[in-house]
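Per-entry structural report
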Amino acid sequence: MILSLLYTYLAAGIANMAPVFLKHLSFLDMPIDCGIIIHKKRLFGDHKTWRGFIGGVIAGTIFFLVQVYAAQYGILTSLLLTKDLGFGFLISVGALSGDLLDACIKRRLGIMEGKAFPPVDKIDYIIGAIVLGSGIYLPSWQDVLLLMVMLCTLTILVKYIGWKIGINQVSW
């Protein structure tokens, strides 16, 4: 069950990581919040762009589509907890929406863009993915906790590796 949870929600992690790899593209490089200021603070900030959001949703959705396609041909069939294509889209949108909510909360608390807000920075996308995907696949509360621990650990590991090879500017 542990591998099935991780494999099923992996598309959310792909969606969450994709914006880092898209940052050098100029296409849709516009802040999602359009510069909106609430109580003298930006809503999300310049780092949250349409390019990253749309690109992340596309990347996560395509990844899930590949998983479903592979399952139809008997590859890792038993690991995928749902084969509903809408699930891949919803968890991708959820992951990036959770990240946006985190950015909004950080701005309200005076935490600057790119600064750490542990542990929220590591679980925001997971919570968003679970909430939006729950209409198609609803994990038990035990599975939610397990998923949060697994994906949080995986996120920390991937961020650290990205920092070591020069993709990420920070190690956390």
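Residues numbered from 1 in each chain as written. Predicted model: local features only at pLDDT ≥ 70, side-chain atom pairs only at ≥ 80, totals over all residues. Heavy atoms only, no water.

Comments concerning the overall build of the protein chain
The cut-off we apply is this: Under the scheme used here, helices are H or I runs from DSSP no shorter than 4 residues and strands are E runs no shorter than 2 residues, and both carry numbers assigned from the N terminus. To get the radius of gyration, use the C-alpha atoms; to get the globule rule, take the number of residues to the power 0.38 and multiply by 2.2 Å. Whether a residue is buried, partly exposed or exposed follows from its accessible area with a 1.4 Å probe, protein chains only, as a fraction of its type maximum: under 20%, in between, or over 50%, in that order.
The helix and strand tally for the protein chain stands at 6 helices and 2 strands. When the elements of the protein chain are put in sequence order from the N terminus, they spell out α-α-β-β-α-α-α-α. Computed over C-alpha atoms, the radius of gyration of the protein chain comes to 16 Å, within 12% of the 16 Å expected from 2.2 N^0.38 for 172 residues, which places it in the range of a compact globule. The C-alpha extent of the protein chain, read off along each of the three principal axes, is 50 × 35 × 35 Å. Counting all 172 residues of the protein chain, 42% fall into the buried class.

Considerations on the nonpolar core
To keep it simple, the criterion reads: Take the buried residues of types Ala, Val, Leu, Ile, Met, Phe, Trp, Tyr and Cys, join any two whose side-chain atoms come within 4.5 Å, and each joined set is a nonpolar core. Note on contacts: a residue pair is in contact if any heavy atoms of the two residues lie within 4.5 Å.
If you look at the biggest cluster of nonpolar residues, it comprises 25 residues, and the most contacted ones within it are Tyr9, Ile91, Ile126 and Leu147. Going through the elements one at a time, helix 1 (2–8), helix 2 (10–22), helix 3 (50–72), helix 4 (85–108), helix 5 (120–133) and helix 6 (141–164) are the ones with two or more residues in this core. When neighbours within four sequence positions are excluded, isoleucine 126 is seen to be in contact with Met148, Leu151 and Cys152. Ranked by size, the runner-up nonpolar core spans 11 residues in total, among them Ile32, Leu96, Leu100 and Ala103.

Some words on unusual backbone geometry
Not every positive phi belongs to a glycine, and cysteine 34 is a case in point at roughly 55°. Structurally, cysteine 34 is set in the loop between helix 2 and strand 1 (37–38). Using a relative accessible area of 64% as the deciding quantity, one classes cysteine 34 as exposed. Although it is not a glycine, leucine 76 sits at a positive phi angle of roughly 55°. Residue placement: leucine 76 occurs in the loop between helix 3 and helix 4. A relative accessible area of 43% means that leucine 76 is categorised as partly exposed.

A closer look at the side chain of glutamine 67
For glutamine 67, the position within the fold is in helix 3. Look at glutamine 67 and you get buried, because its relative accessible area is 3%. Excluding residues within four positions of it along the chain, glutamine 67 makes contact with Tyr7, Leu10, Ala11 and Leu80.

Details of the packing of aromatic side chains
Quick note on the threshold: Working definition: a ring pair exists when centres of Phe, Tyr or Trp rings (six-membered ring for Trp) sit within 6.5 Å. Plane angles under 30 degrees give stacked, over 60 give edge-to-face, the rest tilted.
The tally for this structure, following the rule as stated, stands at 5 aromatic pairs. With 5.6 Å between their ring centres and 45° between their planes, tyrosine 160 and tryptophan 163 make a pair best called tilted. Of this pair, tyrosine 160 and tryptophan 163 both sit in helix 6, 3 residues apart, which is roughly one turn of the helix. Classification of tyrosine 160 as partly exposed rests on a relative accessible area of 37%. Classification of tryptophan 163 as partly exposed rests on a relative accessible area of 36%. A connected cluster of aromatic rings, assembled from ring pairs, spans Tyr9, Phe64, Phe87 and Tyr137.

Describing the pattern of salt bridges
So the rule is basically this: Think of a salt bridge as a Lys or Arg side-chain nitrogen and an Asp or Glu carboxyl oxygen that are within 4 Å of each other.
Summed over all chains, the structure comprises 5 salt bridges. One salt bridge connects aspartate 99 with lysine 48, and the closest N-O pair in it is separated by 2.5 Å. One end of the pair, aspartate 99, is in helix 4; the other, lysine 48, is in the loop between strand 2 (41–42) and helix 3, with 51 residues separating them in the sequence. A residue is classified by how much of its surface remains accessible, and aspartate 99, at 17% relative accessible area, is buried. Linked through salt bridges whose partners overlap, the residues forming this network are Asp33, Arg42 and Asp46.

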